Amino acid sequence: MFSKLIWLNILTLTLALQTSASQVFAAETALNEVLVDLRVLETTDIHADLVNYDYYQNRINNRVGLVKTASLIRKARKEASNSLLFDNGDHLKGNPLGEYLARIKGIHKGMIHPVYRAFNYLNYDAIAIGNHEFNYGLKFLKAALQGAEMPVLNANVYSIKHNVPYFTPYVILKRNVIDQNGVKHELKIGVISFMPVQIMRWDKSNLEGRVYAKPIVETAKTFIPLIKAEGADIIIALAHTGISSDPYRPDTENAVYYLTKIPGIDAILAGHSHSIFPGPSYQNLPHTNLKKGQINRIPVVMAGAFGNRLGIIDLKLKKQKEGWKVLDGTSMTRAIATEKGKSLVKRHEGLYEVVKPEHLETLRLIKKLGW
Ligand SMILES: [Zn+2]
């Protein structure tokens, strides 16, 4: 009996030693492995809905407003060790505040459009130009963009006069990221942006003779290798275009599906069609994993419209000898309200103060005009 007990003790001790040895070995391997979690946040199709307000009904509307999305942004940033924030375009036009700014107040010297003041305040890393940004003409857009402190991107609208991209086509952001062991690394993130070629029809009077649009997918195929060659570790596309697997056409308005097939693009922020991806409307899309939010294994997100959702892509990156590799990417969206309109998040008071002057001016105008 006694010897049996001793044997049992020896056996337990040996097992314990073996376990701790394998744990040490595993920990050493983990220490050698450099893994970085990078969170990419998206707002899209804000359409000048900065405040949770319905100017047509003249009442609070908790289903819209960047002041609400901003609280989701704050929370999503807090949860992540590394994050980036992008807007995917169509942010200047769509409500009386946007109309008031463009048609009545205008942009004067030293003044910053409240949309860009909001983006500056929230520290966006880069933003896309959407098709609706042309609705008030190139002169207004140019004046308004003076106030944007972050890179403003589009790669497929070209100047006719100079035959070069009219905007900055892409940027390589250098960011310090913290790996899973708390070690700092510099990551070079290529960011490129596109919009539908239909602008030439939709905004003919504003654009004809000044700019022309190149097909999205072909433009991407030209630029992605250049951005890689310039040293980007990963590439994110701000694709102001929707998602459809209809047979490919160069003039497709919804090019995301075909962008996922271009080697080198690691994550896609979609937009323009005001839909939600991942979401049930895409359950029949081929080669799509709605649980992970991937199309053709590439993470994609589309965050509705009017600030009603925040898009989130979580990338897991591994540093290898030949550079950074995306091991996995998943996407989701978070809503500011339930489907029935119950508010899920408080207004971001700091951002509200930033945009309040023009919000109140719009309210005064509506009252004066008797809208
Ligand atoms: Zn659009």
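Note that this is a predicted model, so its numbers are computed, not measured.

The helix and strand inventory of the chain stands at 10 helices and 18 strands. Taking the principal axes of the C-alpha coordinates as reference, the chain spans close to 100 × 45 × 45 Å. Counting every position in the chain, which comprises 371 residues, the buried fraction comes to 53%. Once local pairs closer than 6 in sequence are excluded, the contacts in the chain between residues at least 24 apart make up 73%. Of the roughly 18,000 Å² of accessible surface on the chain, 54% is carried by carbon and sulfur atoms. The average position of the 47 basic charges and that of the 33 acidic charges among the side chains of the chain differ by 3 Å.

Here we take up the coordination of the zinc ion. Distances from the zinc ion to its protein donors, Asp 90 (OD), Asn 131 (OD1), His 240 (NE2) and His 272 (ND1), fall within 2.1 to 2.2 Å. Angles of 87 to 158° at the metal separate the 4 donor atoms of the zinc ion, which places the site in the irregular class. For the zinc ion, all donor residues lie on one chain, and their spacing in sequence is D-x40-N-x108-H-x31-H. Pair noted here: Asp 90 is in the loop between β4 (83-87) and α3 (96-105) and His 240 is in the loop between β11 (234-239) and α9 (256-259), with a separation of 150 residues, a long-range link.

With respect to the element layout, Ala 270 can be found in the loop between β12 (267-269) and β13 (276-277). Overall, Ala 270 belongs to the buried group, its relative accessible area being 0%. Spatially, the C-alpha atom of Ala 270 lies 17 Å from that of His 287, the residues being 17 residues apart in sequence. In this structure Ala 270 touches Glu 42, Thr 44, Asn 88, Ala 239, Thr 241, Ile 243, Val 256, Val 300, Val 301 and Met 302, once residues within four positions along its chain are discounted.

When pLDDT is averaged along the chain, the result is 93; 91% of the residues meet or exceed 70. Note that pLDDT drops below 50 for residues 24-28; the model gives that stretch 0 contacts with residues more than four away or on any other chain.

Let's shift gears to the nonpolar core. Ranked by size, the top nonpolar core spans 58 residues in total, and within it Leu 66, Tyr 116, Tyr 124, Phe 134 and Leu 351 carry the most contacts. Contacts of Phe 134, omitting those with residues within four sequence positions, involve Ile 129, Leu 141, Val 157, Phe 167, Met 195, Ile 199, Asp 203, Asn 206 and Leu 207.

Read from one edge of the open sheet, 6 strands run β6-β5-β4-β1-β17-β18, paired in mixed fashion. Lying at the two open borders of the sheet, with one neighbouring strand each, are β6 (152-153) and β18 (323-335). The pairing of strand β17 (residues 309-320) with β18 spans 12 bridges and is antiparallel. Counterpart to Arg 309 in the pairing with β18 is Ala 335.

A separate point is the pattern of salt bridges. Going through the model one piece at a time under the given rule, you end up with 16 salt bridges. We note a salt bridge from Lys 204 to Glu 208, for which the minimum N-O separation is 3.9 Å. Its relative accessible area of 46% is what places Lys 204 among the partly exposed residues. A salt bridge links Arg 249 to Asp 251; the shortest N-O distance between them is 2.9 Å. Each of Arg 39, Lys 75, Glu 79, Asp 314 and Arg 334 takes part in a single network of salt bridges with overlapping partners.

Now for unusual backbone geometry. Residues Phe 277 and Pro 278 are joined by a peptide bond in cis, for which omega reads 0°. The topology assignment puts Pro 278 in the loop between β13 and β14 (288-289). In the Ramachandran plot, Asn 123 falls in the positive-phi region, its phi being about 60° despite a non-glycine side chain. On the secondary structure map, Asn 123 appears in the loop between α4 (114-121) and β5 (126-128). Assessed through its relative accessible area of 54%, Asn 123 is described here as exposed. Even without glycine at this site, His 274 takes up a positive phi of about 60°. By the element assignment, His 274 lies in the loop between β12 and β13. Residue classification places His 274 among the partly exposed positions, given a relative accessible area of 33%.

Turning our attention to the packing of helix α2 (residues 66-79) against helix α10 (residues 349-369). For the pair α2 and α10, interaxial distance at closest approach is 9 Å and the crossing angle is 150°. Looking at the two axes, α2 sits roughly antiparallel to α10. Between α2 and α10 the crossing geometry is right-handed. On α10, the residues that touch Leu 66, Val 67 and Ala 70 of α2 are Leu 351, Tyr 352 and Val 355. Classifying every residue of the contact of α2 with α10 by side-chain character gives 6 nonpolar, no polar and no charged.

Cut-off values and rules
Residues numbered from 1 in each chain as written. Predicted model: local features only at pLDDT ≥ 70, side-chain atom pairs only at ≥ 80, totals over all residues. Heavy atoms only, no water. Helix = DSSP H or I, 4+ residues; strand = E, 2+ residues; numbered from the N terminus. Buried < 20%, exposed > 50% of the residue type's maximum accessible area, 1.4 Å probe, protein only. Contact = heavy atoms within 4.5 Å. Areas by Shrake-Rupley, 256 points an atom, 1.4 Å probe, with all protein chains shown as cover. Lys, Arg positive; Asp, Glu negative; His and termini not counted. Charge placed at Lys NZ, Arg CZ, Asp CG, Glu CD. Donors = N, O, S within 2.8 Å, 3.2 Å for Na, K, Ca; no water. Tetrahedral: all angles 85-135°; square planar, octahedral: opposite > 155°, others 65-115°. pLDDT = per-residue confidence, 0-100. Core = buried A, V, L, I, M, F, W, Y, C linked by side-chain atoms within 4.5 Å. Pairing = 2+ DSSP bridges. Salt bridge = Lys/Arg side-chain N within 4 Å of Asp/Glu carboxyl O. Axes fitted to C-alpha atoms, helices over the stretch in contact; angles between N-to-C directions. Parallel < 35°, antiparallel > 145°, perpendicular 65-115°, else oblique. Left-handed = near helix turned anticlockwise from the far one by under 90°. Nonpolar A, V, L, I, M, F, W, Y, C, P; charged D, E, K, R; others polar.

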